[in-house]
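What the coordinates show
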Amino acid sequence: MASRASFGELDHTRETVRIEIGWSIEGMPSIEGEHRFSDYGELRGALLDGDVLVIDDTSTDARTAADATAWTSLRAHAVVIVPVRERGRTVAVLLVHKDMPYHWTDEDVGFLRSAADRLEAANARRREDEQQALINGEIAHRLKNALSMVQAIATQTLRGDASPEGLEAFAHRLQALGHGHDALTSGRMKAATLNDVLGGVLDGAGIRDRCTVHGPTVEMGARAALSTSLLIHELATNAIKYGALCATAGHVDVAWQIEGQGDECRLTLDWSERGGPAVTPPTRKGFGSKLIRLGLVGTGGSDIRYDEEGLRAAFSARLAEVEQA
Amino acid sequence: MSTTDPRIDGHTAIVLIVEDEPLQRLDMIDMAERAGFEVLEAHDASHAVALLEIRTDVRLVLTDIDMPGAMDGMNLAAAVRKRWPPIEIIIITAGPAPAQSEMPERAVFMTKPLNYERVVETMKRMTAIQNAQSRPR
C-alpha cells in the first residue's frame, strides 16, 4: 500500500527530522538525511503536540499546498506522519508516503498508530536497559573495590596469625566472587551467562586453555552466578593442586545441558578430569568441600566421584532456580 | 639469569605504585616489598608524573585507573609510554577492562581484587626482560 516508510528522529532545537532508515519501492528518491519542518508546510504544531498528520493530497491540503514542490520532489503525494512520544515529548516520527494522492482510511491510520506505539515501547525499553546496564556496571565496580578493601584488611590484619596458604585461599575466593560480579554485568542482559561465569573463573585461575568448555547459553541470576563462581573456583584449585592439572598432560572437560521440559527443566553440569595422577577422596572435609557440596545454586545437587582416570563431579539444579535473580 | 630475580645490575628493581585508596596502596606496597622490589608510591597521576620527572631509576609503574584529579590511570599510562618508553606498565581496576586499543604497548591489565601471586609474577617477568636487555654483552 505504501510507496515509502521511514523512521526519523526529531531535533527540537533545529526543528528538523533526521531520517536514517527506511524502506521504499523502486524508483522513489531517497529521503535519508536532515529535513527542516518549515520546508514542508505547517507541520510543526502537530508534530510537537504529538498529533497524527494525515494528508490525502499534499498539493491541495491547506497545511502543505504552499510547499507542494518540496513534496513532489520526494514523490510524496499522500502522507501519514505518526509522532513517537517519550515522556510527553515527540522524539521521533514514523513517516509513510504514497507516490499518488490517496484517501487514508481509519484502519490505515489505526494500524500505523499502533506500529508507532510499539516503536515507542521498544524505545523506552532499550533506554531502560541501557540505564540499567550503566547502574549494574557501577555496582560491580564498587563491589569489586569493596572486595579489594576486604582483601587488603584481611591480609594486613592476619599476616602474623594466619598461614600464608590460608590467606592465599581467602584472597583467591574473593577474586572468584569478583569474577562472578563481572559475569553478572558484562552482558547487556540483566543476568550472567554460565559461559561468562566459567570463562571468568577459569581465566582467573589461569587454566582456561586446559579446559574444554561446552554447553548452551544459560542465563544465571545473581545467587546462582556467585555460588557457581565459588564452586568452579574450588574445583579449579583442587585440579591444580591434586587433580588432573598438576600433570602437564592433564585436562578438564566442562559440559552442561538442559534436560526435561517446562517447570521440570534442569541444568546439569559435568566436570571431568583426565590425564592426571590417581585421585583419592580428601581426608579432611574443609570449607572447599562444603562449597562444592553446595552445588550450582547453593542448595546441593552435587555428586563427586573419584574415578580411576580422574575426578568426576556432576551437578544438577532446577533451571528456574538458576535463572532466578 | 633467573626470571624470578627482580634485581637489576645488582640493585633492587624500583616500582612506582599509583593508587588513591590508602589501604589498598599500603597492601600493594607490602606485596611488592615482600617480593623484593623497592617501592615508590603516589596517590594520583600528577603526583606520579612529578616523581618520574625527578627519579630516573623507576623500572615499572603499577597504576589504578580511577583516581581523582585531571589525569586518570589510563592517561598516566599513555603519558609514561610516551615520555619514558622503557618503563613497564601494569594497569589495574575494579571497573570494566579497558579496550585493547586503549592499552599502551607492552602494558598488562589486571582486575581487582588482585591476584597477588600473578601480579608479582608479572612484575618479575617484566623487570627480568628489561634486565636481560639492559645488560652489557
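Here the structure is a predicted model, which is why all the values come from computation and not from measurement. (Residues numbered from 1 in each chain as written. Chains lettered and ligands numbered in written order. Predicted model: local features only at pLDDT ≥ 70, side-chain atom pairs only at ≥ 80, totals over all residues.)

We now examine the overall build of chain B. A tally of helices and strands in chain B yields four helices and seven strands. The linear arrangement of helices and strands in chain B, starting from the amino end, is β-β-β-α-β-α-β-α-β-β-α. Pairs at least 24 residues apart make up 64% of the contacts formed inside chain B by residues separated by at least 6 positions. (Helix = DSSP H or I, 4+ residues; strand = E, 2+ residues; numbered from the N terminus. Contact = placed C-beta atoms within 7 Å.)

Further remarks concern the interface of chain B and chain A. The partner chain A presents 17 residues to the 13 residues of chain B that form the contact. Ranked by the residues each element gives to the side of chain B that touches chain A, the list is headed by helix H1 (residues 22–34) of chain B, at four residues. A per-class count over the side of chain B that touches chain A returns seven nonpolar, four polar and two charged. (Nonpolar A, V, L, I, M, F, W, Y, C, P; charged D, E, K, R; others polar.)

This part takes up the environment of Gly301(A). Residues and elements named next belong to chain A. Inspection of the secondary structure puts Gly-301 in the loop between helix H7 (287–294) and strand E12 (302–307). The exposure class of Gly-301 is buried, given the 20 C-beta atoms found within 10 Å. Remark: the alpha-carbon pair of Gly-301 and Asp-270, spanning 31 residues in sequence, is separated by 12 Å. For Gly-301, the residues in contact, after removing those within four places along its chain, are Gly-295, Leu-296, Phe-315, Ser-316 and Ala-317. (Buried ≥ 20, exposed ≤ 12 C-beta atoms within 10 Å, placed from the backbone.)

Residue and element names in this part refer to chain A. Here helix H5 (residues 194–204) crosses helix H6 (residues 222–241) at 40 degrees, and the two axes come no closer than 9 Å. In terms of their interaxial angle, H5 and H6 are classed as oblique. Relative to H6, the crossing made by H5 is right-handed. Between H5 and H6, the residues in contact are Val-197, Leu-198, Val-201 and Leu-202 and Ala-225, Thr-228, Ser-229, Ile-232, His-233 and Ala-236, respectively. The class makeup of the residues in the contact of H5 with H6 is seven nonpolar, three polar and no charged. (Axes fitted to C-alpha atoms, helices over the stretch in contact; angles between N-to-C directions. Parallel < 35°, antiparallel > 145°, perpendicular 65-115°, else oblique. Left-handed = near helix turned anticlockwise from the far one by under 90°.)

This part covers the domain arrangement of chain A. Segmenting chain A into domains produces domain 1 (4–125) and domain 2 (190–323). Just the C-alpha atoms count here: the centres of domain 1 of chain A and domain 2 of chain A sit 55 Å apart. (Domains from an automatic or database assignment.)

Strand pairing in a sheet takes place through backbone hydrogen bonds and is either antiparallel or parallel in direction. All names here are of chain B. Ordered by their spatial adjacency, five strands build an open sheet running E4-E3-E5-E6-E7, and the pairing between neighbours is parallel. Edge positions in the sheet fall to strand E4 (38–42) and strand E7 (108–111), since each has one partner strand and no second. Each adjacent strand pair in this sheet contributes to an overall mean axis angle of 20 degrees, direction not counted. Where strand E3 (residues 14–18) meets strand E5 (residues 58–64), five bridges bridge the pair, whose relative direction is parallel. Bridge pairing in E5 links Leu-16 to Val-61. (Pairing = 2+ DSSP bridges.)

With that out of the way, let us pick up the confidence of the model for chain B. Counting all residues, the mean pLDDT for chain B is 89, and 85% of those residues have values of 70 or more. Across the interface, the model reports ipTM at 0.86; the global pTM reads 0.74. (pLDDT = per-residue confidence, 0-100.)

It is worth spelling out H6(A) at this point. For H6(A), spanning 20 residues, the distance from its first C-alpha to its last is 29 Å, which sits close to the expected 28 Å at 1.5 Å a residue. Counting buried positions along H6(A) gives 16 out of 20 residues, so the element sits mostly inside the fold. (Expected span 1.5 Å × (residues − 1).)

All names here are of chain A. As summarised here, the arrangement of the six strands in space is E3-E2-E1-E6-E5-E4, forming an open sheet in which the pairing is antiparallel. Single-partner strands in this sheet number two, and they are strand E3 (33–36) and strand E4 (53–55). Averaged over all pairs of adjacent strands, the angle between their axes in this sheet comes to 25 degrees, without regard to strand direction. As defined by bridge partners, E4 adjoins strand E5 (residues 78–86) across three bridges and the pair is classed as antiparallel. Within the sheet, the bridge partner assigned to Val-54 lies in E5 and is Val-80. Where helix H3 (residues 106–158) meets the sheet, it contacts E4, E5 and strand E6 (89–98), and its direction lies at approximately 30 degrees from that of E5.

Attention now goes to the packing of H6(A) against H7(A). Residues and elements named next belong to chain A. Remark: H6 packs on H7, axes separated minimally by 9 Å, with the N-to-C direction vectors making an angle of 130 degrees. With respect to H7, the element H6 is oriented oblique. The way H6 lies across H7 gives a crossing that is left-handed. Contact residues: H6 offers Ser-227, Leu-230, Leu-231, Glu-234, Leu-235 and Asn-238, while H7 offers Gly-288, Leu-291, Ile-292 and Leu-294. Looking at the contact of H6 with H7 residue by residue, the classes come out as six nonpolar, three polar and one charged.

Peptide bonds are trans in most cases, and residues, glycine excluded, mostly fall at negative phi. A cis amide bond links Lys112(B) to the next residue, Pro113(B), at an omega of -5 degrees. Not every positive phi belongs to a glycine, and Arg75(A) is a case in point at roughly 55 degrees. With respect to the helices and strands, the residue Arg75(A) is situated in the loop between helix H2 (68–73) and E5. By C-beta crowding, Arg75(A) is classed as partly exposed, having 17 other C-beta atoms within 10 Å. Of note, the phi angle at Arg87(A) is positive, near 45 degrees, even though the residue is not glycine. Within the secondary structure, Arg87(A) is located in the loop between E5 and E6.

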